[in-house]
Amino acid sequence: MPEVKLSLEGEDVDLAAAQLFETTGLQGNWEVAKGSIPTKEGTLAVIGTVIGIVGGTVAVAEQIRKWYQEYKKSKKKFDVVLVAGDVRVVLENATIEDIRAVLEELES
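My aim in this report is to walk through the structure given alongside it, one point at a time.

Cut-off values and rules
- Residues numbered from 1 in each chain as written.
- Predicted model: local features only at pLDDT ≥ 70, side-chain atom pairs only at ≥ 80, totals over all residues.
- Heavy atoms only, no water.
- Phe/Tyr/Trp six-rings, centres within 6.5 Å; stacked < 30°, edge-to-face > 60°.
- Helix = DSSP H or I, 4+ residues; strand = E, 2+ residues; numbered from the N terminus.
- Buried < 20%, exposed > 50% of the residue type's maximum accessible area, 1.4 Å probe, protein only.

Once that is clear, we can look at the packing of aromatic side chains. For the structure shown, the criterion picks out five aromatic pairs. Seen from their ring centres, tryptophan 67 and tyrosine 71 are 6.2 Å apart, and the 20 degrees between their planes marks the pair as stacked. Taken together, the positions of tryptophan 67 and tyrosine 71, both in helix 2 (residues 57–73) and four residues apart, correspond to about one turn of that helix. Here tryptophan 67 and tyrosine 71 have matching classes, each one buried. With centroids separated by 6.0 Å and ring planes inclined at 80 degrees, the aromatic side chains of tryptophan 67 and phenylalanine 78 adopt a geometry described as edge-to-face. Of the two residues, tryptophan 67 is situated in helix 2 and phenylalanine 78 in strand 4 (residues 78–84); the sequence distance between them amounts to 11 residues. For the pair tryptophan 67 and phenylalanine 78, a shared accessibility class is recorded, and that class is buried. By way of ring pairs, the aromatic residues Trp67, Tyr68, Tyr71 and Phe78 are connected into one cluster.

So this is what it looks like as structure tokens:
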């Protein structure tokens, strides 16, 4: 079964990951990376697996982009990477089309 991996690293990413799965139409799971402990600045690493989406890939890609932009407005420092097969997308400069390309791996 195809799946999409995601990695979040930064401040309060455990809360960000929970919000990502609750609000965007992604189905899957996430956990704090083994051995990752919060630093003095609050930096933490979270890894997750997306096994499905609720809604079309374009709609979910739009929701992911919206979630990322809103979370960045909170002035938290964090990075998010989506990986599926040979496709790797860093959300910092990703377009909706870039995100959709990763999500489409779930449908193949």
